[in-house]
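Chain and residue survey
So you can see what is in the structure, the chains are spelled out below.
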Amino acid sequence: MSSMSPSERRLHKELMSLIKEPPPGVTVDTESVQQNLSEWKINIKGFEGTLYEGEDFQLLFKFNNKYPFDSPEVTFIGTNIPVHPHVYSNGHICLSILTEDWSPALSVQSVCLSIASMLSSCREKKRPPDNTLYVKTCNKNPKKTKWWYHDDSV
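Keep in mind the model is a prediction, meaning the values are calculated, not measured. (Residues numbered from 1 in each chain as written. Predicted model: local features only at pLDDT ≥ 70, side-chain atom pairs only at ≥ 80, totals over all residues. Heavy atoms only, no water.)

Let's shift gears to unusual backbone geometry. Of the consecutive residues Y67 and P68, the connecting peptide bond is found in the cis state with omega at 10 degrees. As for its position among the elements, P68 is in the loop between β3 (56-62) and β4 (73-77). (Helix = DSSP H or I, 4+ residues; strand = E, 2+ residues; numbered from the N terminus.)

Put into structure tokens, the structure is as follows:
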């Protein structure tokens, strides 16, 4: 473990914590992480009593060597991208803690909880109004998007 970089040590510590004590409805795809510590697939279930109850989603976290000082790139992947006002059909998520409100004090666990909370508080399944244009013109990396945070009510 001494040959690990500070970023790798932090990721390893967070991974062990997330595997041992995951938030409700969150599981790590340990097979994917064993292949590459800088890319994690995390499964998240829609909470009971919400619009997403019984649905299963998958998040892809990509970490660079500046983590935790630089936020991870987080997107929904797979065949079930949630229909949500802050989630684009390509899996990009409009959530301030993934960009300008990121802090090294945050963790994968806190990001998962924020996304679960975002899904749980949704009152109507719909895409963002600019979904079609955004998906056609956006950068592949959502962190390169200049997000405009304008609606905390969903």
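Another aspect to go through is the nonpolar core. Formed by 32 residues in total, the largest nonpolar core has its most connected members in W40, F61, F76, I93, V108 and I115. Elements that contribute at least two residues to this core include exactly α1 (6-20), β1 (26-28), β2 (39-45), β3, β4 and α3 (108-120). Top contributing element to this core by residue count: α3, with seven residues. Discounting chain neighbours no more than four positions away, the residues touching F76 are I44, F57, Q58, L59, I81, P82, V87, N90, G91, I93, I115 and L119. (Core = buried A, V, L, I, M, F, W, Y, C linked by side-chain atoms within 4.5 Å. Buried < 20%, exposed > 50% of the residue type's maximum accessible area, 1.4 Å probe, protein only. Contact = heavy atoms within 4.5 Å.)

Helix length check: α3 (13 residues) gives 18 Å between terminal C-alpha atoms against 18 Å at 1.5 Å per residue, within 8%. Of the positions making up α3, those classed as buried are V108, V111, C112, I115, A116, M118 and L119. Seen along its axis, α3 keeps its buried residues to an arc of 160 degrees; they face one direction. Buried residues along α3 sit in contact with α1, β1, β2, β3 and β4. (Expected span 1.5 Å × (residues − 1). Arc of directions from axis to C-beta.)

Moving on, we get to the pairing of β3. Taking burial as the measure, the seven residues of β3 include five buried ones, the bulk of the element. Sheet topology note: the β2/β3 ladder contains seven bridges and is antiparallel. Bridge pairing in β3 places K41 opposite L60. The sheet contact formed by β3 and β4 spans five bridges and is antiparallel. Residue pairing for β4: Q58 is matched across the bridge by I77. (Pairing = 2+ DSSP bridges.)

Along the chain, L98 turns up in the loop between β4 and α3. A relative accessible area of 5% places L98 in the buried class. Residues L98 and I42, 56 residues apart in the sequence, show an inter-C-alpha distance of 16 Å. Residues within four places of L98 in sequence aside, it is in contact with S71, P72, V74, I93, V111 and K143.

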